[in-house]
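So you can see what is in the structure, the chains are spelled out below.
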Amino acid sequence: MEEPNPSSPPPVVGGVAVPPTRRPTALVRDLFTAGSLFEKALQRELAVNPTGLDAMGHLVMSGPLSPGELSRRLDLTTAATTAAIDRLVDLGHVTRTPHPTDRRSVLVVPTDTSMARAMGHLMPMIASVDAVLDEFSDEEQDVITRYLERVIASYGIPDDGAIPSMAVPRSTH
């Protein structure tokens with residue numbers, strides 16, 4: 001990637017001047033693109049659309065959910081959520097199970113087979129990304145962590161748990 005020439009005017013996109021960015025900022029954008037491509041590949045592998053993958057992500061992270069809670073998390077109408085659940089049931093990714101404490105309700109539960117398929121793709125990628133940190137000292141990892149926390153904060157999304165962290169404390173043994 002060529003460094004921008006500071007004497008030339010910044011490029012214009014949609015009528016807005018785009019300021020020059022440093023390499024780490026460009027790499028964050030590349031990371032988003034790589035994540036998006038990975039999600040699309042996972043959608044193809046699991047034969048789901050983006051809504052189905054998003055629903056499955058919530059079920060993997062939180063466990064079984066009621067259709068109403070899933071609807072809230074997906075920010076969809078109940079009808080759209082029902083259609084998404086129906087598609088996932090038809091594909092064998094989830095089942096509807098009676099709620100253990102509310103006999104009028106059901107829970108959407110990911111199937112073991114579907115979980116194994118999804119995790120078979122996710123875990124190698126997650127392990128590979130995490131292993132990259134082994135190349136850095138503890139102090140460098142602290143800097144990387146602070147940078148990424150601040151990048152996330154720059155999006156201005158309230159820290160109310162809307163973005164569930166996948167960070168799990170590592171064992172130090």
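If you're wondering where the values come from, they're calculated on a predicted model, not measured in any experiment. (Residues numbered from 1 in each chain as written. Predicted model: local features only at pLDDT ≥ 70, side-chain atom pairs only at ≥ 80, totals over all residues. Heavy atoms only, no water.)

Draft legend 1. Representation of helix α2 (residues 50–62) within the structure. For α2, spanning 13 residues, the distance from its first C-alpha to its last is 18 Å, which sits close to the expected 18 Å at 1.5 Å a residue. Those residues of α2 that sit buried are G52, L53, A55, M56, H58 and L59. Residues of α2 that are buried in the fold lie against α1 (23–46), α3 (67–74), α4 (78–90), β3 (94–98), β4 (106–110) and α5 (112–132). Regarding α2, its N-cap is N49, as a side-chain oxygen of that residue lies 3.2 Å from the backbone nitrogen of T51 further along. Just beyond α2, the residue with positive phi is G63, at close to 85°. (Helix = DSSP H or I, 4+ residues; strand = E, 2+ residues; numbered from the N terminus. Expected span 1.5 Å × (residues − 1). Buried < 20%, exposed > 50% of the residue type's maximum accessible area, 1.4 Å probe, protein only. Contact = heavy atoms within 4.5 Å. Polar contact = N/O pair within 3.5 Å; in protein donor to acceptor, adjacent residues only side chain to side chain.)

Draft legend 2. Expanded view of the packing of α2 against α3. Running from N to C, α2 and α3 cross one another at 115°; their axes reach a closest spacing of 10 Å. Pair α2 / α3 crosses with right-handed handedness. The segment α2 lies against α3, with T51, D54, A55, H58 and S62 engaging L70, R73 and L74. (Axes fitted to C-alpha atoms, helices over the stretch in contact; angles between N-to-C directions. Left-handed = near helix turned anticlockwise from the far one by under 90°.)

Draft legend 3. Main features of the nonpolar core. Counting residues in each nonpolar core, the largest one holds 15 residues, and the members touching the most others are L46, V48, L70, L88 and V94. Of all the secondary-structure elements, those providing two or more residues to this core are α1, α2, α3 and α4. Among all residues touching L46, those that are not within four sequence positions of it are L53, M56, L91, H93, R117 and A118. (Core = buried A, V, L, I, M, F, W, Y, C linked by side-chain atoms within 4.5 Å.)

Draft legend 4. Highlighting the pattern of salt bridges. With the rule as written, the count across this model stands at five salt bridges. For the salt bridge of R117 with E45, the shortest nitrogen-to-oxygen distance reads 3.7 Å. Here R117, found in helix α5, pairs with E45, found in helix α1; they are 72 residues apart in sequence, far enough to count as distant. Relative accessible area serves as the criterion here: at 36%, R117 is assigned to the partly exposed category. The partner of R96 in a salt bridge is D86, with the nearest N and O atoms 2.5 Å apart. Of this pair, R96 sits in strand β3 while D86 sits in helix α4, and the two are ten residues apart along the sequence. Given the relative accessible area of 37%, R96 is considered partly exposed. A single network of salt bridges, built from pairs that share partners, joins E69, R72 and R73. (Salt bridge = Lys/Arg side-chain N within 4 Å of Asp/Glu carboxyl O.)

Draft legend 5. Summary view of the packing of aromatic side chains. Taken as a whole, this structure holds one aromatic pair when the rule is applied. Look at F32 and Y155: their rings are 6.0 Å apart centre to centre, the planes differ by 75°, and that puts the pair in the edge-to-face class. In this pair, F32 is assigned in helix α1 and Y155 in the segment after α6 (138–153), connecting sequence segments 123 residues apart. (Phe/Tyr/Trp six-rings, centres within 6.5 Å; stacked < 30°, edge-to-face > 60°.)

Draft legend 6. Just a negative patch on the surface, in detail. A contiguous patch of negative charge, built from D138, E139, E140 and D142, is present on the exposed surface. Tracing the backbone through its elements, the reader meets E140 in helix α6. (Patch = residues over 30% accessible without salt bridge, like charges linked within 9 Å, V, L, I, M, F, W, Y side chains within 5 Å. Areas by Shrake-Rupley, 256 points an atom, 1.4 Å probe, with all protein chains shown as cover. Lys, Arg positive; Asp, Glu negative; His and termini not counted. Charge placed at Lys NZ, Arg CZ, Asp CG, Glu CD.)

Draft legend 7. Examining the packing of α1 against α5 more closely. Axis separation between α1 and α5 bottoms out at 10 Å; the angle between their running directions is 155°. Compared by their axis directions, α1 and α5 come out roughly antiparallel. Between α1 and α5 lies a crossing of right-handed hand. Contact residues: F38, L42, E45 and L46 in α1; R117, A118, H121, L122 and M125 in α5. Here the residues of the contact of α1 with α5 are counted per class, giving six nonpolar, one polar and two charged. (Parallel < 35°, antiparallel > 145°, perpendicular 65-115°, else oblique. Nonpolar A, V, L, I, M, F, W, Y, C, P; charged D, E, K, R; others polar.)

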